[in-house]
Amino acid sequence: YTGRSTSSTNTMAKQEKAQQAKDAFVTEITARSQDFSQWYLDVVRKAELADYSPVKGCMVIRPYGYAIWELIQKALDARIKATGHVNAYFPLFIPNSLLTKEAEHVEGFAPQVAYVTHGGGEELEEKLVVRPTSEAIIGTMYAKWIQGWRDLPILINQWANVVRWEKVTRPFLRTTEFLWQEGHTAHETEAEAEDETLEILHLYKDVLETEMAVPVVEGRKSESEKFAGALRTYSIEALMGDGRALQAGTSHNLGQNFAKAFDITFQARDRSVQHVWGTSWGMTTRLVGAAIMVHGDDSGLVLPPRIAPYQVVIVPIGRDNWRDTVLPRALEIQRELAGAGIRVTLDERDERPGWKFSEWEMRGVPLRVEIGPKDIEKSAVLVARRDTREKHSVPMEGLPSRLLQLLDDVQTSLFARATQFRDEHTHRTSDYAEFKQIMEGRPGFVIAPWCGSAECEAQIKAETQATIRNMPMSGSTPSGKCIRCDNPARYEAWFAKAY
RNA sequence: CGGGAUGUAGCGCAGCCUGGUUAGCGCACCUGACUGGGGGUCAGGGGGUCGCCGGUUCGAAUCCGGCCAUCCCGACCA
């Protein structure tokens, strides 16, 4: 932000001045096209979504950012409950010995774990792990709670914070501490666990697409990318505005791995004693980052109405005594809209209208209602859309239903726009030279045949920085050779450079 | 964790190289007035242990060391 003109002369034409002020503002947020990463950080800070704390990698989620998270949470929680799950809460601390019970699990998480070694002024006999995820503690409890097949399934979710000591952090996308929900279920059969894993995956996709207007690809993770200790991991993957992919949710079929490590057994219908089949799945505050990076533009945040803390902002406009003439009418409209179930705020601060317009645009409010003397005369208001920036006069009569309809339109068109962008940035090739060429820069997804070997996967990553995001279940089985080697292709894999 | 950069008021910066009154500027903020349909004008005002700790010096924002945090580029992850 370079600041406005320091000149106090009145010689500058009014228009010129306005333009200069506009330019000055525009520089307040780095242009998205110019530096996506800096743009993202600017939006997070200027829209007051989050702020840095004194602890490395730990952010403060500010009220506006938290409100977005709460709306995502609410939508997700409702779906989790509607599918028969219940919420509970497990402890933050896990005895180190429990984490180490599942070999792959501990190997995967050990480097990222924070420990508590002292308490009450004394060194602890056994250090405590600050949970990076809760399989260990929940598995331990399930072992106590499950005796016979009638105790199954157990379908528990928890909303919690977890800590992973990340080397590189970014607000929302990767923080040392983050908020999430983690579901942990136990089942009688392998098939049931697999059904559960996929049901949740579909549920996650629905939340992203319906609530957040973010299109995602559902698929299975490769061995190297799967969750530490899982049998199979599935994910939903979204494409950000800079052409990089973001894992937006994961669902794991744990098989009997954790059941065996934690002795979670039950007596089956045939009287035999068996280990349960487990799943775990989670989505995190990272989703807020996804919403920013998928929909945002040069002016800042663009929020899909369903996760917008304010869906409509009313900006009163007027002369001299506007507080007496315009404000009462604006308050009336606010009440009317709130009564129709619209999340609405009225900006009655003593600022100039243009200033307010820009501010609320930066904060991504989907619709702005302007009301001034001219509108009152016509018994109408001006409605401006954040996504298209169109501005129309709309009669006050029937305003709530008209706005509800517009909010739907915005939600739909944001999804359509994001889907189009994703599709335009999804390529398909079976030629490695072409693959490498496409992967220069930030192209989005590249669909390519893969033999399934970890070696090819690692080589491709080393040579192009691209990783296998997942292998969609809907993908056809390819007939030719692997993109990199001469072995027959077994999977259709979606590659991308990822966050 | 390696390579690079940065840290001075809420934000953006100057000052540092060459140590020396009371640390400066723009925006933002506060008070008042005029204004008000895309970031307005005038007048007056408040706000800073110069990231933290230590060293050198008569004297440190400035020189030296350590630490912390942030950003960018790589290796690891939601």
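Quick caveat, the model's predicted, so the values are computed rather than measured.

A. Region of interest: the confidence of the model for chain A. A residue-level look at chain A finds 95% of positions with pLDDT of 70 or above and a mean pLDDT of 92. Within the model, pLDDT remains below 50 along residues 1-27, and this stretch shows 13 contacts once partners closer than five positions in the same chain are excluded. Taken over the whole predicted complex, pTM reads 0.94, whereas the ipTM for its chain interfaces reads 0.94.

B. Spatial organisation of the environment of S401. As for its position among the elements, S401 is in helix α14 (residues 399-424). In sequence terms S401 and A143 are 258 residues apart; their C-alpha atoms lie 53 Å from each other.

C. Local environment of the sheet that holds strand β17 (residues 367-371). Pairing is mixed in the open sheet, where five strands are placed in the order β16-β15-β17-β18-β19. With one partner strand each, in any of the chains shown, β16 (344-346) and β19 (391-395) form the two edges of the open sheet. On average, each strand axis in the sheet is tilted by 25° relative to the strand beside it, whichever way the strands run. In this structure, strand β15 (residues 312-316) lies alongside β16, joined through three bridges in parallel fashion. What sits directly across from I314, in β16, is L346. In this fold helix α11 (residues 327-339) packs onto β15, β16, β17 and β18 (380-385), with an angle of close to 170° to the strand it touches most, β16.

D. Representation of the state of the cysteines. Under the defined criterion, the tally for this structure stands at zero disulfides. The cysteine C451 is free of any disulfide, with C485 supplying the nearest cysteine sulfur at 3.7 Å. Note on C485: no disulfide assigned, nearest cysteine sulfur contributed by C456 at a separation of 3.6 Å.

E. Molecular detail of the pairing of β15. Within β15, five of the five residues are buried, which leaves the element mostly enclosed by the surrounding structure. The alternating pattern of β15 places V312, I314 and P316 on one face and V313 and V315 on the opposite face, and all of these are buried. Pairing between β15 and β17: five bridges, direction parallel. Bridged to I314 within β17 is V369.

Calculation notes
- Per-chain numbering applies: the sequence of each chain, read as written, is numbered from 1 onward.
- Whichever chain is written first becomes A and whichever ligand is written first becomes 1, with later ones labelled in order.
- Residues qualify for local features only when their pLDDT is at least 70, as the model is predicted, and side-chain atom pairs are given and counted only at 80 or more; totals for whole chains, interfaces and linings, by contrast, use all residues.
- Think of the side-chain values as coming from all heavy atoms in the structure, minus any hydrogens and water.
- Confidence of the predictor at the level of single residues is captured by pLDDT, which takes values from 0 to 100.
- Residue contacts are counted whenever heavy atoms from the two residues lie within 4.5 Å of one another.
- Numbering of helices and strands starts at the N terminus; helices are DSSP runs of H or I of at least 4 residues and strands are runs of E of at least 2.
- In this description, strands pair whenever DSSP reports at least two bridges between them.
- Where helices are involved, their axes are fitted lines through C-alpha atoms of the stretch in contact, as for all axes, and angles between N-to-C directions lie from 0 to 180°.
- Pairs of cysteine sulfur atoms within 2.5 Å are what we label disulfides.
- Buried, partly exposed and exposed residues are distinguished by accessible area as a fraction of the type maximum, computed with a 1.4 Å probe on protein chains only: under 20%, between the cut-offs, and over 50%, respectively.

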